[in-house]
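# Examining the three-dimensional arrangement
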Amino acid sequence: MGQKVNPISNRLGIIRGWDSNWYGGKNYGDALLEDSKIRKYLNARLAKASVSRIVIERTLKLVTITVCTARPGLIIGKGGQEVDKLKEELKKITDKDIQINIFEVKKPELDAVIVANNIARQVEGKIAYRRAIKMAIANTMRMGAEGIKVLISGRLNGAEMARSEMYKEGRTPLHTFRADIDYCHAEALTKVGLLGIKVWICRGEVYGKRELAPNFVQTKENNGRGGNNNGGKNFRRKKNNNR
């Protein structure tokens, strides 16, 4: 089962929460479509800001958007000008008031979304895929991950027949629910077609629930309400790697 299900959805309600927190009622479909438009717009608008995760919370008249990013300075701008501009742009998508919280990803090497997108951008920039993957694996393991697995599929090196190659180091136990597995699927558009890149990162094991993740810290320039950063207390690493 663990091999076939998205590791993030497999752990919902156990060690990880939902990215959309609201009650839809009769307007569930409209709110879901609005969330999708907001995420699509932010991912395109903040493509260079290394966005990891976008969490959306709703009340009757307020939409709170939490952006987890490795480069918060790009989103905030001088004196928070960029955030204000972003608010005005998002108000065109939804009629409600917008509140934006910015969280900084302390260790981008331990975030699967950022790692996968970095590999994809390097492959698009004509860097050898093996070199890009091995560098990413080395950086992730150096930052204290328990394990990482990278799968790349497609017409590698322009071969006529598509194939898949997997590179891994350490342990990534997909069947263990308490194992904090981060997962992402990215695509690299090359001259011979699309290459699919999947990344699994094991950041240790979690005992008890936590708010966002120990990898996120709210920035001081944030103009929203404060985030709970106590999640890291429940985050322990297992020293025994024999399993």
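Everything discussed here concerns the structure shown above.
Reference entry: report on the structure contained in this document. Quick caveat, the model's predicted, so the values are computed rather than measured.

## Some points on the nonpolar core
- Within the largest apolar cluster, 26 residues are counted, with the highest numbers of intra-cluster contacts made by Ile119, Ile133, Val150, Ile197 and Val199.
- Contributions of two or more residues to this core are made by α5 (112-124), α6 (129-142), β5 (147-154), β7 (179-190) and β8 (193-206).
- In this view, Ile133 contacts Ile119, Val150, Ile152 and Tyr167; residues no more than four positions away in its chain are not counted.

## Looking at the packing of aromatic side chains
- For the coordinates displayed, the defined rule picks out 2 aromatic pairs.
- Ring centres of Tyr183 and Trp200 lie 5.3 Å apart, and the angle between their planes is 45 degrees; this geometry places the pair in the tilted category. On the criterion of sequence distance, the pair formed by Tyr183 in strand β7 and Trp200 in strand β8 is long-range, its members being 17 residues apart.
- Looking at Tyr183, the relative accessible area reads 14%, which means it is buried.
- Here Trp200 falls in the buried class, since its relative accessible area comes to 10%.

## Focus: the packing of α5 against α6
- Look at α5 against α6: their axes get within 9 Å of each other, and the N-to-C directions meet at 155 degrees. With respect to their mutual orientation, α5 and α6 come out roughly antiparallel. Here α5 runs over α6; the crossing is right-handed. Along its contact with α5, which presents Val115, Ile119, Gln122 and Val123, the element α6 presents Tyr129, Ala132, Ile133, Ala136 and Thr140.
- Within the contact of α5 with α6, the residues separate by chemical class into 7 nonpolar, 2 polar and no charged.

## As for unusual backbone geometry
- For Ser50, which is not glycine, the phi dihedral falls at a positive 50 degrees.
- Mapped onto the fold, Ser50 is located in the loop between α2 (28-45) and β2 (51-58).
- The class for Ser50 is partly exposed, based on a relative accessible area of 22%.

## A word on the pattern of salt bridges
- One pass over the structure, following the stated rule, counts 15 salt bridges.
- Its salt-bridge partner being Arg45, residue Glu82 comes within 3.8 Å of it at the nearest N-O pair. With Glu82 in helix α4 (residues 81-91) and Arg45 in helix α2, this residue pair connects regions lying 37 residues apart in the sequence.
- On the basis of relative accessibility, which here comes to 25%, the residue Glu82 falls in the partly exposed class.
- Under the relative-accessibility criterion, Arg45 is labelled partly exposed at 30%.

## A short note on the side chain of Thr64
- Counting through the fold element by element, Thr64 comes out in strand β3 (residues 62-69).
- Beyond its immediate chain neighbours, meaning those up to four positions away, Thr64 contacts Val55, Ile56, Glu57, Gln99 and Asn101.

## Topic: the pairing of β3
- Of all 8 residues in β3, 7 are buried; the element is thus mostly enclosed.
- Across 7 bridges, β2 lies against β3 in antiparallel orientation. Within β3, the position partnered with Ile54 by the bridge is Val67.
- From the end of β2 to the start of β3, which pair antiparallel, there are 3 residues.

Cut-off values and rules
- Residues numbered from 1 in each chain as written.
- Predicted model: local features only at pLDDT ≥ 70, side-chain atom pairs only at ≥ 80, totals over all residues.
- Heavy atoms only, no water.
- Core = buried A, V, L, I, M, F, W, Y, C linked by side-chain atoms within 4.5 Å.
- Buried < 20%, exposed > 50% of the residue type's maximum accessible area, 1.4 Å probe, protein only.
- Helix = DSSP H or I, 4+ residues; strand = E, 2+ residues; numbered from the N terminus.
- Contact = heavy atoms within 4.5 Å.
- Phe/Tyr/Trp six-rings, centres within 6.5 Å; stacked < 30°, edge-to-face > 60°.
- Axes fitted to C-alpha atoms, helices over the stretch in contact; angles between N-to-C directions.
- Parallel < 35°, antiparallel > 145°, perpendicular 65-115°, else oblique.
- Left-handed = near helix turned anticlockwise from the far one by under 90°.
- Nonpolar A, V, L, I, M, F, W, Y, C, P; charged D, E, K, R; others polar.
- Salt bridge = Lys/Arg side-chain N within 4 Å of Asp/Glu carboxyl O.
- Pairing = 2+ DSSP bridges.

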